[in-house]
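Notes for the structure review
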Amino acid sequence: LQHLVTLANSLDSMDSLFLPSYVALREEVQQLRSKEDAPLTITRDEWNGIANGAGVQGWECERALGLFHAFGEVLRLPQGKIREDVVLSPQRFANVLACVMTAEKHRRKYSRKALLRHEEIDQVWEEYSAHLREGFLQFLHESDLAVPLETKNGPLEASLLFPM
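Thresholds applied
- Within each chain, residues carry numbers counting from 1 in the order of the written sequence.
- At least 70 in pLDDT is required for a residue's local features to be given in this predicted model, at least 80 for side-chain atom pairs to be given and counted, and no such filter applies to totals for whole chains, interfaces and linings, which use all residues.
- The basis for every side-chain value is the complete set of non-hydrogen atoms in the structure, without hydrogens or water.
- Each residue carries a pLDDT value, the predictor's own confidence for that position, ranging from 0 to 100.
- By the criteria applied, helices consist of DSSP H or I runs no shorter than four residues and strands consist of E runs no shorter than two, each listed in order from the N terminus.
- A pair of Phe, Tyr and Trp rings is counted when the ring centres sit within 6.5 Å of each other, with Trp represented by its six-membered ring. The angle between the planes then sorts it: under 30 degrees is stacked, over 60 is edge-to-face, the rest tilted.
- Each residue gets one of three labels from its accessible area relative to the maximum for its type: buried under 20%, exposed over 50%, partly exposed in between, using a 1.4 Å probe on protein chains only.
- Paired strands, in this sense, are two strands between which DSSP finds at least two bridges.
- Angular values range over 0 to 180 degrees, each being the angle between N-to-C directions of two axes fitted as lines to C-alpha atoms, with helices fitted over their stretch in contact.
- Less than a right angle of anticlockwise turn of the near helix away from the far helix marks a crossing as left-handed, whereas a clockwise turn marks it as right-handed.
- We call two residues in contact whenever any of their non-hydrogen atoms come within 4.5 Å of each other.
- Charged residues are taken to be Asp, Glu, Lys and Arg, nonpolar residues to be Ala, Val, Leu, Ile, Met, Phe, Trp, Tyr, Cys and Pro, and polar residues to be all remaining types, Gly included.

1. Describing the confidence of the model for the protein chain
Looking at the protein chain, the pLDDT average stands at 85 and 84% of residues meet or exceed 70. The least confident element of the protein chain is helix 1 (residues 2-10), whose mean pLDDT is 68; the most confident is helix 3 (residues 44-53), at 95.

2. Remarks on the packing of aromatic side chains
In total, this model carries five aromatic pairs according to the counting rule given. On the numbers, 5.6 Å between centres and 75° between planes, the contact of Trp 47 with Phe 68 is edge-to-face. Of this pair, Trp 47 sits in helix 3 while Phe 68 sits in helix 4 (residues 60-70), and the two are 21 residues apart along the sequence. Both residues of the pair, Trp 47 and Phe 68, belong to the buried class. Summarising the aromatic geometry, the rings of Phe 93 and Phe 136 are spaced 5.7 Å apart at their centres and angled 65° between planes, so their arrangement reads as edge-to-face. Highlighted residues: Phe 93 in helix 5 (residues 90-98) and Phe 136 in helix 7 (residues 130-142), separated in sequence by 43 residues. Three or more aromatic residues joined by ring pairs make a cluster, and in this case those are Phe 93, Trp 125, Tyr 128, Phe 136 and Phe 139.

3. Quick word on the sheet that holds strand 3 (residues 85-87)
Strand pairs in the sheet, formed through backbone hydrogen bonds, run parallel or antiparallel to each other. Strand order across the open sheet formed by three strands is 1-3-2, with antiparallel pairing between neighbours. The open sheet terminates on both sides in strands that have one partner only, identified here as strand 1 (41-43) and strand 2 (75-76).

4. Some points on the packing of helix 2 (residues 20-34) against helix 4
Between two packed helices, the angle of one axis relative to the other and the distance separating the axes together describe the packing. Closest axis-to-axis distance for the helix 2/helix 4 pair is 12 Å, and the angle between their directions is 60°. Crossing angle aside, the handedness with which helix 2 passes helix 4 is right-handed. Together, Tyr 22, Leu 25 and Arg 26 of helix 2 and Glu 60, Arg 63, Ala 64, Leu 67 and Phe 68 of helix 4 make up the contact between the two elements. Partitioned by chemical class, the residues of the contact of helix 2 with helix 4 number five nonpolar, no polar and three charged.

5. Considering helix 5
For helix 5, every residue scored as buried is listed here: Phe 93, Val 96, Leu 97 and Ala 98. Check the buried side of helix 5 and you find it contacts strand 2, strand 3 and helix 7.

6. Section: the sheet that holds strand 6 (residues 154-161)
Strand order in the open sheet formed by three strands is 4-6-5, with antiparallel pairing between adjacent strands. Strands at the two margins of the open sheet, each flanked by one partner only, are strand 4 (115-117) and strand 5 (146-151). Neighbouring strand axes in the sheet, compared pairwise and without regard to direction, differ in orientation by 40° on average. With five bridges connecting them, strand 5 and strand 6 associate as antiparallel partners. Along strand 6, the bridge assignment pairs Thr 151 with Gly 154. Running over the sheet, helix 7 touches strand 4, strand 5 and strand 6 and is turned about 90° from strand 5.

7. Points about the pairing of strand 6
In the sheet, strand 4 pairs with strand 6 via three bridges, with the strands oriented antiparallel. If you follow Arg 117 over to strand 6, its bridge partner there is Ala 158. Connecting strand 5 to the antiparallel partner strand 6 that follows it, the hairpin turn spans two residues.

8. Section: unusual backbone geometry
With a phi angle near 60°, Asp 144 is a residue other than glycine that sits in the positive phi range. The phi dihedral of Glu 157 falls on the positive side, at around 60°, and the residue is not glycine. With respect to the helices and strands, Glu 157 occurs in strand 6. Under the relative-accessibility criterion, Glu 157 is labelled partly exposed at 47%.

Structure representation (structure tokens):
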């Protein structure tokens, strides 16, 4: 046991709350996010590339992503059929949600009477890449902001949005 304590105390990062590579990764994410033309999302492969550049390697990329998501530094979109995306700026993601959940009547045209018709998500989120839209809808469901409607015969292809 004493050997393990001595070994742990010899590690450079024992005096810091976070690993230096995680601090470097946070700085990289903040720098990317601050650019005028910063993307709303990056792919999981792009996340791994940024993490590797900051010194976060292998399986640590997954752990760092989970930690950054838990702290609200980034937002992990639900995995789509093709790929998983990472929202770089959760604050900007509020604009995605405001397309269907808002007090502004002119923005609620696709969420009439608290119903979001799945056939209209291409119009709802037309300013965002098509591959992200299913993830946005799935995020609403997984976050309990909406629930998919079904009958005994199957899905209705609509979601009930909960009042805020």
